[in-house]
Amino acid sequence: MPAALLPVLALVLNAFIWGVSWWPFRQLQQLGLHPLWSTSLLYAVALLGLLLARPAASRGMLRQPGLWLLLLATGLSNAAFNWAVAIGDVVRVVLLFYLMPGWAVLLGWLVLGERPTRAALLRLVLALVGVLVVLWPAGGLGALAGQGFSAADALALLGGFSFALTNVQLRRLQHVPGTARMGAMFAGGVLIPALAASLGAQFGLVPVIPPLQLDWASAIAVMGLLFFFGNMGLQYGAARMSSANSSIVMLTEIVFASVSSVALGAATLSLRTLAGAALILLASVLAARSE
């Protein structure tokens, strides 16, 4: 296998785990565990495993100030997206969140000096067209605009921007040991969603965390392990690809989410979904070839 393909496959692994995570999050919510609490707990499992295996990961935060921004960006991305899905229309939330490649191109240009080429912009347009084809509401533009701008919309936009910032920071901190980057990402996944959940509980927006139960605790442990490997793939791939291309490859999450929702009976497969998925995959393949 060509070594240049490994970062792409690592990002696809992360996209796959996130793309099918909607189902366990939905099951946990039925057990009374809000997605914000679920996110914080599963990252706590991942962080504990990392610290047990690599205790030095915690010391990297003191030596690399840029890791604090990575912590904040990762935590905000998780908290904002999961909270938005919990209170808003999922299709609308995902559509707004996956404006993320546009943010990545802008941030990569401003922060990293990665001036986008014409080919990169064309791949971005191709990918975003695929996103629109898959996620556009049945009522068309009128249905989208008629819903107004809600708190869920704001959270989705914040989540997409934060995820783009995460990718840019991983690229910027590629010289930092991977364990330190992972430690910052996992710590952000624990702290920011937990803080958001605590604040939400104070205002009655988020239910308090339920008493410990074996069924949801065991699910959290398994999800924590999966997200450990997923985030390992993200920090490996994003550190080795341009911000624009890594964000496009991450759009394959929509394909995994669509296929899994159909397979589990949560949605029906349409020609529009297949066409949009094909455009997203084509953009991802072109991005991989450019690397």
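Preceding this section is the structure that the text describes.
The sections below set out a description of the structure shown in this document. (Residues numbered from 1 in each chain as written. Predicted model: local features only at pLDDT ≥ 70, side-chain atom pairs only at ≥ 80, totals over all residues. Heavy atoms only, no water.)

To continue, consider the packing of aromatic side chains. The full count for this structure, using the stated rule, is eight aromatic pairs. Taking the centre distance of 4.8 Å and the plane angle of 80 degrees together, the rings of Trp18 and Phe227 count as edge-to-face. One end of the pair, Trp18, is in helix 1 (residues 6-19); the other, Phe227, is in helix 12 (residues 214-238), and 209 residues separate them in sequence. Their ring planes at 75 degrees and their centres at 5.9 Å tell us that Tyr43 and Phe227 sit as a pair that is edge-to-face. Here Tyr43 is found in helix 3 (residues 35-53), whereas its partner Phe227 is found in helix 12, with 184 residues between them in sequence. Phe227 carries the same exposure label as Tyr43, and that label is buried. (Phe/Tyr/Trp six-rings, centres within 6.5 Å; stacked < 30°, edge-to-face > 60°. Helix = DSSP H or I, 4+ residues; strand = E, 2+ residues; numbered from the N terminus. Buried < 20%, exposed > 50% of the residue type's maximum accessible area, 1.4 Å probe, protein only.)

Okay, the layout of surface pockets next. For the second largest pocket, the calculated volume is near 150 Å³. Around the second largest pocket, the lining comprises 15 residues; the ones closest to its centre are Arg115, Pro116, Ala120, Ser242 and Ala244. Within the residue set of the lining of the second largest pocket, elements represented by two or more residues are helix 7 (100-112), helix 8 (118-135) and helix 13 (243-249). Tallying contributions element by element places helix 7 first for the lining of the second largest pocket, with four residues. Class assignment for the residues of the lining of the second largest pocket results in six nonpolar, six polar and three charged. (1 Å grid on protein atoms, 1.4 Å probe; cavity = no way out; pocket = protein on both sides within 12 Å on 5 of 7 lines; lining within 4 Å. Points joined across faces, edges and corners; volume = space filled by probe spheres on them. Nonpolar A, V, L, I, M, F, W, Y, C, P; charged D, E, K, R; others polar.)

The next subject is a nonpolar patch on the surface. Where nonpolar side chains cluster on the molecular surface, the patch consists of Leu13, Leu225, Phe229 and Met232 and spans about 350 Å² of accessible area. A per-element tally of the nonpolar patch places helix 12 first, with three residues. (Patch = residues over 30% accessible without salt bridge, like charges linked within 9 Å, V, L, I, M, F, W, Y side chains within 5 Å. Areas by Shrake-Rupley, 256 points an atom, 1.4 Å probe, with all protein chains shown as cover. Salt bridge = Lys/Arg side-chain N within 4 Å of Asp/Glu carboxyl O.)

What follows deals with the environment of Ser242. Note on placement: Ser242 falls in the loop between helix 12 and helix 13. Under the relative-accessibility criterion, Ser242 is labelled buried at 17%. Each C-alpha atom of the pair Ser242 and Ala104 lies 9.4 Å from the other, and the pair is 138 residues apart in sequence.

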